[in-house]
Amino acid sequence: MFRFLSKSNNTIRKLSSKSFHPTLYASSSPHHCKSKISTIHPQIASPISSNAFDPSGSSSKPSDSRYPTGSPNGSPFFRALDRNSSFSGPQMAVNRFFSSGYLLNCKNLRNGKGNRRGFLRVGSFVGESRAFSSEPDRESMEYDVVIVGAGPSGLSAAIRLKQMCRAKDVDFSVCVVEKGAEVGAHILSGNVFEPRALDELLPEWKQEEAPINVPVSSDKFWLLTKDRAFSLPSPFDNKGNYIISLSQLVRWLGGKAEELGVEIYPGFAASEILYDANHKVIGIGTNDMGIAKDGSKKENFQRGVELRGRVTLLAEGCRGSLSEKVLRDYNLREKAQAQHQTYALGIKEVWEIDEGKHKTGTVLHTLGWPLDHKTYGGSFLYHMNDRQVSIGLVVALNYHNPFLNPYEEFQKLKHHPAIKPLLEGGTVLQYGARTLNEGGFQSIPYPVFPGGAIIGCSAGFLNVPKIKGTHTAMKSGMLAAEAAFDVLHEGSSMEKYWDGLRNSWIWEELHKARNYRPAFEYGLVPGLALSALEHYVLKGRSPLTLKHGKPDHEATDVAQLHSPIQYPKPDGIVSFDVPTSLYRSNTNHDHDQPSHLHLRDPQIPERVNLPDFAGPESRYCPARVYEYVPDEKGELRLQINAQNCLHCKACDIKDPKQNIEWTVPEGGGGPGYSAM
């Protein structure tokens, strides 16, 4: 794997605390007038203190060598994939060096032959290694297939393509670009894994030491009130499933892809779609690197590159920025007569707990408290191996109360008397957050566009009642790969992907599960009743298909309809403040770059969001990116701390006026997950 990871995933090189900048999560405002803010609106979060890494003010990292950090902020991050690397294929001919999104020329490429487009070609190892020149003009690289996103669907597509190449004795070049500093760095999921798709893709995964080794041993389902937990019949059938770290699994898949000849480029952020004269997608462009906040070019400036493909597959995950653009440009939801997508925000921690409390393979899901009966969501707690547990809260983003704070609701959850004793005495290893699709069958868009397709969670194949989407994402990638291969080999159409989806077990599974999520539009109790009817009586054969309610951003009520929520202060034992949690996420961006969070109208926060909705962006963001701070006149102004961003996309979804546009920052920025 990458240089910072050992083959076992258990011994991971520790990054020196010298690499961190204590101001990384600090508010850049000189005004820290908490009383002023609370007087105007007590629910508007106060600015993060400058001692953001550690409540004590220390910037030293807690000692735990098993979890890597992300790339060091403000310094080059080099990773070499060489003949001895377990993440490079056995036929790797050259080293490839990545530095925060740059693919640099090196002495190994001296004998490469340049072509007219300015990149170097080196001896083939199924595909061809390529390197860009450092000239200021934008370079171009050509592949048969370009895949955006090294997650479950993207890597499954890449592997399936190369498998078919070997079976048919042809050679199509496949490139995967990933905005995270490492493969898996931006991957977060629960995750109780259903191996159905993996069984089809790599049947020998058990013998090949996939990081899937904790079978589910028990499956519990609770309804929580503030002080009690009521056991309910579990609607989940997790027999044969496994508790995993999805970030570790995709690293393993990345290794399998490279063994087959797939070229994987982490640290590259795809920022634009490339079109030909007929508005057909012909690839993607990565963003320029080395741009200062003021828009000037820094000494390390390098132009982005064009990655051109005969087929482009978008596998960016939930609410992918390029995928959303393509959905709009080609009216793909309208083409499939699909409803809008609905979303939830998942917040997760990985803990190490006392051995006497740990029960490997135990799965627990809950509904109810701490959320009110009108807010859909629930929690999960999974016992992994090595005394580790994953705990998280999922909150549907169509909640009404603008004062609701998902991060603080998660902190409350951990104080429930049925949960707190398990965590006491333990240690938090990692923290993270990510949005997920909940629209299901009703929200599946037409996934094919001229020149490519949308796969995985970018399209939205999560099975809500199962709380699983990895297996469907992987299968969608495999189906898209098969269609892409036929396009390249036989001159057919990507429409085969759409046909394949509708004839696959994905379609059957999501159709049966289609009414569970919209049933909760009527509240918790009606939702439970309708879900029980669907699950135990109708078994997915209902003659009706329920519709979703308003889009998530329209569901937010004005502040005057609700009372502010007073959340308890964190105790530092099982609950924590945002800076402490951010520290555990390893999130990291170069400070001196333009914000990747754009306001379509800079005046809306102060004119609309603050007076009408009490500044909800200061609460729905689980990383305190958005703060209202007083200016020199004492008036509140929205400040965006983009360096805190976890890439969860909640702001792009929940902003009441859809005024925030999430775009990609420089490649290599963002969280550095290893156990999520």
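Numbers given for residues are sequential positions, taken from 1 along each chain in its written order. In view of the model being predicted, local features appear only for residues whose pLDDT reaches at least 70, and side-chain atom pairs are presented and counted only at 80 or more, with totals across whole chains, interfaces and linings using the full set of residues. Note that water and hydrogens are dropped before the side-chain values are worked out from all heavy atoms of the structure.

The name given to the protein chain in an unreviewed UniProt entry is Electron transfer flavoprotein-ubiquinone oxidoreductase, and the organism recorded there is Vitis rotundifolia. UniProt positions are given in the numbering used here, feature names are shortened, and annotations may be inferred rather than shown by experiment. According to its UniProt record, the protein chain has this under Catalytic activity (unreviewed entry): "a ubiquinone + reduced [electron-transfer flavoprotein] = a ubiquinol + oxidized [electron-transfer flavoprotein] + H(+)".

Before going further, it helps to examine the overall build of the protein chain. Labels follow the DSSP assignment, with helices taken as runs of H or I lasting at least four residues and strands as runs of E lasting at least two, numbered in each case from the N terminus. In terms of helices and strands, the protein chain carries 17 helices and 29 strands. Summary of the burial criterion: residues with accessible area below 20% of their type's maximum are buried, those above 50% are exposed, and those between are partly exposed, where the area comes from a 1.4 Å probe applied to protein chains only. The burial tally for the protein chain puts 63% of its 676 residues in the buried class. Long-range pairs, those at least 24 residues apart, make up 76% of the contacts in the protein chain with a sequence separation of at least 6. Any two residues having at least one pair of non-hydrogen atoms within 4.5 Å are treated as being in contact.

Our focus in this paragraph is the sheet that holds strand S19 (residues 343-352). Pairing between strands requires that DSSP locate at least two bridges from one strand to the other. Across the sheet, which stays open at both edges, the seven strands sit in the order S11-S10-S20-S21-S22-S19-S23 with mixed pairing between neighbours. Each edge of the open sheet is held by one strand with a lone partner, namely strand S11 (229-232) and strand S23 (427-437). Adjacent strand axes in the sheet meet at a mean angle of 20° when their direction is disregarded. Here four bridges tie strand S10 (residues 218-224) to S11, and the two strands are oriented antiparallel to one another. Bridge pairing in S11 links Phe221 to Leu232. Lying on the sheet, helix H7 (residues 406-413) is in contact with S10, S19, strand S21 (377-383), strand S22 (388-396) and S23; it crosses S22 at an angle near 135°. For every element, the axis is a line fit to its C-alpha atoms; helices are fit only across the contacting stretch, and the angle between N-to-C directions ranges from 0 to 180 degrees.

Next up on the list: the packing of helix H9 (residues 470-490) against helix H10 (residues 495-502). Following both chains from N to C, one finds H9 and H10 inclined at 145°, their axes separated by 8 Å at the closest point. Seen from above, H9 lies across H10 with right-handed handedness. Of the residues in H10, those in contact with Ser476, Leu479, Ala480, Ala483, Asp486 and Glu490 of H9 are Lys496, Tyr497, Gly500 and Leu501. Following the grouping adopted for this structure description, the nonpolar residues are Ala, Val, Leu, Ile, Met, Phe, Trp, Tyr, Cys and Pro, the charged ones are Asp, Glu, Lys and Arg, and the polar ones are all others, Gly among them. Per-class residue counts for the contact of H9 with H10 are five nonpolar, two polar and three charged. Note on convention: near helix rotated counterclockwise from far helix by under a right angle means a left-handed crossing. Clockwise means right-handed.

Inspection of the secondary structure puts Thr286 in strand S15 (residues 281-286). Discounting chain neighbours no more than four positions away, the residues touching Thr286 are Arg138, Phe268, Ala269, Ala270, Ser271, Gly304 and Val305.

Any carboxyl oxygen of Asp or Glu within 4 Å of a side-chain nitrogen of Lys or Arg constitutes a salt bridge here. Within the structure shown, the criterion is met by 26 salt bridges. With its nearest N and O atoms 2.8 Å apart, the salt bridge here joins Glu306 to Arg308. One salt-bridge network, held together by shared partners, links Arg138, Glu272, Glu306 and Arg308.

Quick look at the nonpolar core now. Residues Leu313, Met494 and Tyr497 are the most contacted members of the largest nonpolar core, which totals 85 residues. Ranked by residues supplied to this core, first place goes to H9 with 10 residues. Contact partners of Met494, with chain neighbours within four places excluded, come to Val311, Leu313, Val448, Gly452, Ala453, Ala480, Ala483, Ala484 and Val487. Counting residues in each nonpolar core, the second largest holds 79 residues, with Leu393, Val578, Leu636 and Cys648 among its members. Residues belong to a common nonpolar core when they are buried Ala, Val, Leu, Ile, Met, Phe, Trp, Tyr or Cys residues joined through side-chain atoms within 4.5 Å.

What is expected of a backbone is that most residues other than glycine have negative phi and most peptide bonds are trans. With an omega dihedral of 5°, the bond running from Gly190 to Asn191 counts as a cis peptide bond. Following Trp369, the chain continues into Pro370 via a peptide bond in cis, with omega recorded as 10°. Note that Pro370 resides in the loop between strand S20 (362-368) and S21. Despite not being glycine, Ala614 shows a phi value in the positive range, around 60°. Note on placement: Ala614 falls in the loop between helix H15 (604-613) and helix H16 (617-620). According to the relative accessible area criterion, Ala614 is buried, its value standing at 0%. For Gln658, which is not a glycine, the phi torsion comes out positive at approximately 50°. Tracing the sequence through the fold places Gln658 in the loop between helix H17 (650-654) and strand S29 (660-662). Gln658 sits in the partly exposed class, given a relative accessible area of 23%.

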